[in-house]
Amino acid sequence: MTTSPPPVPPPEEMREIFRTMTLIRRFEERAAEEYMAGRIGGFLHLAIGEEAAIVGTISALRPDDPLTSTYREHGQALARGTDPRAIMAELLGRDTGICRGRGGSMHLMDVQRAFYGGYGIVGGAVPLALGLAWAARYRETEQVSVTMFGEGAANQGVVSECFNMAGLWDLPMVFLILNNQYGMGTPVERAAAMDDFFPRAAAYDIESWKVDGMDVLAVRAALSEAARLAREERRPACVELLAYRYRGHSMSDPDTVRAAEEKERWKARDPLITFERVLLGEGIIDAEGVAAMRAEVDRVVDDATAFARESPEVPIADLADYVYAEPWNDAAHGSALVRP
Amino acid sequence: MSTEVKDVTYREAINQALREEMIRDESVFLMGEDIGHFEGAFKVTKGLLAEFGEKRVVDTPITEAGFTGLCIGAAMAGLRPVVEIMTVNFALVAMDQIVSNASKIHYMFGGQVDVPMVIRMPGGAGHQLSAQHSHSLDAMFTHVPGLKVCVPSTPEDAKGLLKTAIRDADPVIMLESEGLYGKKGPVGGEDHLIPFGQAVVRRPGRDCTIVATSRMVWVALAAAEQLAAQGVEAEVIDPRTYRPLDLDTLAESVRRTSRAVVVDEGWPECGIAANLAAHLYESCFDWLDAPVGRVNSADVPMPYAKNLEQAAIPQPADVVAAVMATLAREVPR
């Protein structure tokens, strides 16, 4: 059995973590612009401010560890290596999108990279993650299933059901509670009986703890340990990450509930700025290197946006594709399955 | 004769299908409440834990949303779970997983993963179980694109449809009938699969088409017997699956008889009978000599008292009256 990654990654990986966090930030800022310009419809939930939680988590996992997420999941796909073109094209509802325009912002998936999707019902994906863990154990693979959900989802009954089954059956499962302190506009203190969420998992005999979700290396170390427990000791684990999203719940939320002072306090701990300081301080990257990396990331985002805008719309004739795995033969069996 | 087939119960037929498919495919496993050591609330899974072990026959906590969702995730990873929800009534707790996840994952993610799973559950009324344990929710599942819905009426169909369902790449809802578990009949062998979307004529006739599934097939056949005594030859057709629906066979029959009655144990509003009647109006309007009749359970929560319950669920006499109405005849007293 191979060992988990060390808590402090080598310089090359440190730079890659920084680049991925920057890519997520720039990609989402661009997505916001595309939304404001009317090219992205529906809901657009941005994770700006949560980049350390996303990248710290994914950098601690193996590429084939199944990952599931909420609807705030552009970063998860980017961090797993999904082509930014295919993500932006999905946001713009194009045929070249990663889900061919069926899912949109909330429902990205890249099964080739073991990213099993973003889901729109709060808490609803957690049992799916448990099933991916179940399959890993059934087939006796070394995979660990990791699911990211918010502290709001932790209040859903089905999440407690999953804590119970994971604890009962010792599934190779990591629950990651990303506590960004607001369930849409409702702060934790008005929604939860306790400030902390990780003790809920502990109640089901799951090892659980809380770390600073704004510190990418702290997140990475915590997830490395959680994944090690699940992989090597065959015990589920739960990590609560305390973090903050800078934007409202979605682009349609004017974000008038949260105090400006509170936002500024968290932005002062911005994960990108603090990590850049660490890298500069340790000589892992210099100012020139940072500028070059940012320029490269901007080119990637520009290219993805141009690709998405130029991509064809989904043909109307394909409306009913993918409802079933095997398309039904209308002529032979009547019309009552799907009729575009 | 060596080919003679021994009759088995509907319950045993389902057990055979599960067992044969578990032997055939290592990725098939069973999960549900009390299906292992207790061998199922209706004893459908009798002997399977002993034969296949705890890895493949899994007793769960009472946590329908959780284990249904778990099985959806396992199916996404390529396993073939067969979920037993103890009765259809408890599926309501798991409806978010079934409707928001199982039915949509293939579509919403552009076909990247299949969800090859079966969710079995018995339903129906008739045992004085009152309002919360007597549901027929066929219409709720059939409403949802992405699901397939089986409603077997015989042991042969229960076995053959379940085997097809387990091998299918999509999520299949298998609605069994509590009232049919003891019903005996012949069943097919290991290789006998019944394809989805193929209706079967249970009794031929020329005067009126009766469409029914599951236990209502037997109610319809009893009605047809009574009608025959009065010189009315009803044709009883069993669609066997609501999704996909073999509308062609239904329409062909109705165009011959020019009359139709749909029998459904569910409620009348926005129900299966209403839906099938709409299909028949659309496809057979010019052939119909009378409005399509509907026989449903009464539009009330199921009562406990035996006389009230029997009055609330479709009886052969209700079907006879509906057929006679399409013929503009009074039911003789």
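Residues numbered from 1 in each chain as written. Chains lettered and ligands numbered in written order. Predicted model: local features only at pLDDT ≥ 70, side-chain atom pairs only at ≥ 80, totals over all residues.

1. Some points on the overall build of chain B
- Secondary structure summary: chain B contains 12 helices and 14 strands in total.
- Whereas a compact globule of 333 residues would reach a radius of gyration of roughly 20 Å, chain B reaches 20 Å, a difference of no more than 12%.
- Over its C-alpha atoms, taken along the principal directions, chain B stretches across nearly 60 × 50 × 45 Å.
- The contacts in chain B between residues at least 6 apart in sequence include a share of 78% that link residues at least 24 apart. (Helix = DSSP H or I, 4+ residues; strand = E, 2+ residues; numbered from the N terminus. Rg over C-alpha atoms; globule rule 2.2 N^0.38 Å. Contact = placed C-beta atoms within 7 Å.)

2. Quick notes on the interface of chain A and chain B
- On the chain B side, the residues contacting the 38 residues of chain A number 39 residues.
- Put simply, the parts of the chain that give the side of chain A that touches chain B at least two residues each are strand E2 (115–119), helix H5 (126–138) and helix H6 (157–169) of chain A.
- Looking at which element gives the most residues to the side of chain A that touches chain B, the answer is H5 of chain A, with nine residues.
- Among the residues forming the side of chain A that touches chain B, the class breakdown is 25 nonpolar, nine polar and four charged. (Nonpolar A, V, L, I, M, F, W, Y, C, P; charged D, E, K, R; others polar.)

3. Some details on helix H4 (residues 95–102) of chain B
- When H4 of chain B is considered as a whole, its buried residues turn out to be Gln97, Ile98, Asn101 and Ala102 of chain B. Summarising the axial view, the buried residues of H4 of chain B lie within an arc of 110°, below the 170-degree limit, and thus occupy one face.
- For H4 of chain B, the secondary structure elements touched by its buried residues are H5 of chain A together with helix H3 (64–76), helix H5 (105–108) and strand E5 (118–123) of chain B. (Buried ≥ 20, exposed ≤ 12 C-beta atoms within 10 Å, placed from the backbone. Arc of directions from axis to C-beta.)

4. Remarks on the sheet that holds strand E1 (residues 67–70) of chain A
Residue and element names in this part refer to chain A.
- Reading across from one edge, E2-E1-E3-E4-E8-E7 is the order of the six strands in this open sheet, with parallel pairing throughout. Two strands close off the open sheet at either side, each with one partner strand: E2 and strand E7 (207–212). The sheet shows a mean angle of 15° between the axes of neighbouring strands, direction not considered.
- Both E7 and strand E8 (residues 237–242) contribute to a ladder of six bridges, which runs parallel. (Pairing = 2+ DSSP bridges. Axes fitted to C-alpha atoms, helices over the stretch in contact; angles between N-to-C directions.)

5. Description of the sheet that holds strand E14 (residues 293–295) of chain B
Residue and element names in this part refer to chain B.
- With mixed pairing, the five strands of this open sheet are ordered in space as E9-E11-E10-E13-E14. The sheet terminates laterally at strand E9 (200–203) and E14, the two strands that pair on one side only. The average angle at which neighbouring strand axes cross in this sheet is 25°, direction not considered.
- Of the pairings in the sheet, the one linking E9 to strand E11 (residues 234–238) comprises three bridges and is antiparallel in character.

Any link to function would need more than the numbers given here.
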